[in-house]
Amino acid sequence: MITRTRLAAGACALVAALAAGIALPAGAAAGEPAGEDAPKVDLVLDVSGSMRTRDIDGGTRMAAAKQAFNEVLDATPEEVRLGIRTLGADYRGDDRRTGCKDTARLYPVGPLDRTEAKTAVATLAPTGWTPIGPALLAAADDLDGGDGSKRIVLISDGEDTCAPLDPCEVAREIAAKGIGLTIDTLGLVPNATMRQQLSCIAEATGGTYTSIEHTDELTDRVNQLVDRAADPVVTPVATEGTDVCTKAPTLESGLYTDREEFGQQRWYRVDVLPGQELRASVSVGADRAVNPSYGVLLRAVTVHGREIVRGEAAGEGRTDVISAGLRYPKADRDDADADKPAAETVCLQVTHSFSAAEGVKSTPGLPLELTVDVVEGPGDADDVASFGLGRGWWLLGVLVLAGFLAGLLWGWLSRWRFAVWRTN
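In this report, the structure presented in the accompanying data block is examined. Keep in mind that this is a model prediction, so the values were computed, not measured.

Analysis parameters
- Residues numbered from 1 in each chain as written.
- Predicted model: local features only at pLDDT ≥ 70, side-chain atom pairs only at ≥ 80, totals over all residues.
- Heavy atoms only, no water.
- Pairing = 2+ DSSP bridges.
- Helix = DSSP H or I, 4+ residues; strand = E, 2+ residues; numbered from the N terminus.
- Axes fitted to C-alpha atoms, helices over the stretch in contact; angles between N-to-C directions.
- Left-handed = near helix turned anticlockwise from the far one by under 90°.
- Contact = heavy atoms within 4.5 Å.
- Parallel < 35°, antiparallel > 145°, perpendicular 65-115°, else oblique.
- Nonpolar A, V, L, I, M, F, W, Y, C, P; charged D, E, K, R; others polar.
- Salt bridge = Lys/Arg side-chain N within 4 Å of Asp/Glu carboxyl O.
- Buried < 20%, exposed > 50% of the residue type's maximum accessible area, 1.4 Å probe, protein only.

## Things to note about the sheet that holds strand β5 (residues 103–110)
Okay, step 1: An order of β5-β4-β1-β6-β7-β8 is seen for the six strands of this open sheet, with the pairing classed as mixed. The strands lining the two open edges of the sheet, one partner per strand, are β5 and β8 (209–212). Neighbouring strand axes in the sheet, compared pairwise and without regard to direction, differ in orientation by 15 degrees on average.
Okay, step 2: For strand β7 (residues 181–188) and β8, the ladder comprises four bridges, and the chain directions are parallel.

## Some words on the packing of helix α2 (residues 61–75) against helix α8 (residues 215–230)
Okay, step 1: Packing of α2 against α8 leaves a shortest axis separation of 9 Å and a crossing angle of 35 degrees. Our pair here, α2 against α8, has a crossing hand that is right-handed. Between α2 and α8, the contacting residues are Ala64, Ala65, Gln67, Ala68, Glu71, Val72 and Ala75 on the first element and Thr215, Leu218, Thr219, Val222, Asn223, Val226 and Asp227 on the second.

## Side note on the packing of helix α5 (residues 132–142) against helix α6 (residues 167–176)
Okay, step 1: With their axes 8 Å apart at the nearest point, α5 and α6 run at an angle of 20 degrees to one another. Accordingly, the angle class assigned to the pair α5 and α6 is roughly parallel. In this structure, α5 meets α6 at a crossing whose hand is right-handed. Along the contact surface, α5 presents Ile132, Gly133, Leu136, Leu137 and Ala140, while α6 presents Pro167, Val170 and Ile174.
Okay, step 2: Its residues placed into classes, the contact of α5 with α6 shows seven nonpolar, one polar and no charged.

## Let's talk about the sheet that holds strand β13 (residues 294–302)
Okay, step 1: Taken in spatial order, the four strands line up as β11-β16-β13-β14 in an open sheet, and their pairing is antiparallel. A single partner strand is all that each edge strand has here, and the edge strands are β11 (265–272) and β14 (307–315). Averaged over all pairs of adjacent strands, the angle between their axes in this sheet comes to 15 degrees, without regard to strand direction.
Okay, step 2: Relative to strand β16 (residues 344–352), β11 is paired through eight bridges, and the arrangement is antiparallel. Within β16, the position partnered with Val272 by the bridge is Glu344.

## Topic: the pattern of salt bridges
Okay, step 1: Scanning all chains against the criterion turns up 14 salt bridges.
Okay, step 2: Residue Arg61 is joined to Asp157 by a salt bridge in which the shortest nitrogen-to-oxygen separation is 2.8 Å. With Arg61 in helix α2 and Asp157 in the loop between β6 (150–156) and α6, this residue pair connects regions lying 96 residues apart in the sequence.
Okay, step 3: Relative accessible area serves as the criterion here: at 9%, Arg61 is assigned to the buried category.
Okay, step 4: One salt bridge connects Glu78 with Arg114, and the closest N-O pair in it is separated by 3.6 Å. A residue pair is termed long-range when its members are at least 10 positions apart, and Glu78 in the loop between α2 and β4 (81–87) and Arg114 in helix α4 (residues 114–122) qualify at 36 residues.
Okay, step 5: Owing to a relative accessible area of 61%, Glu78 belongs among the exposed residues under this scheme.
Okay, step 6: What emerges from the salt-bridge pattern is a single network uniting Arg299, Glu307, Arg310 and Glu312.

Following this line, the structure appears as structure tokens:
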């Protein structure tokens, strides 16, 4: 009885140890820098009349924005070229046509003079309309030129008031230019309509949307986005797939961009040596209005047309980008005498089922981004994840053995102590 009790206690301790020790974080791989140009950030601030509202930490939305900007300007990395643009800051009248042109460059994108930038921000007062679309177009021009990363950070407390120039369509047009510009949006005390519009703007360019209700949240988020602009980025290489594999370009490991028309398929070739693993992924973006149901298919096929593996995904209009990926490990050769084993040519096929909405142009094709990575394949069984544990099986085995031996030892000591007690 006592032995069983002690063994049960040892088993409980083993379970606790497993729960605490097996899930260890894995290291993350860093990206590679692709350009030497300085990163650029344009902060676009809504200065419309609604920014007078006092609902952020007891103060106005404008006061929260000014405080956040001052702290962000102090923390901006030296290598970042930062500018500030306003919308709705100057025109106080009721003429909609004039109000929808009210966007101005408060501080030019370039080397940062913190005192000058703070002085310019201090002069702002909530004034007029909310021309988000025109402000985004102007901010894209502010960032024009150079190969470094480009980022617009839009801070607004309301939806655009200058339709029919839809800011979401403007963001799609900016993305279609292929200039590598990302738009991140922050909504101050958002409602459902504003959240939907700002989310659409961000998703169109691969950016992010964040809801803000406190001053410290605004400061932290803008700082994160400015710092992110300074991170090394990989610039995609433009390529052009073909309609058949035999004519397709041969790609090496890297990031590529292309365009694919509705109802079209694109082919690419990758050489994989024995003992290597091909990892590929594709993302297709809808840079114009499309019907709500769509999908993307990525296939790895032999030159003879036999499918090796596929990855696919489907969407229902909730996002403007859809992605799929695949992995193909090629077995190592048993012939050790071979001086240079021949590579296998793998054909990658990309197909999507986007369809254009009525009246929407079908050309140019939708933008796609293809990632290709050929790495050394798993050599031993312990390199492959098993039931999600991977190399953790070794740890599990050691813990089980240690728990078993500890239970036996504890049980033997308990029996010995009990025998001594009875004797005495």
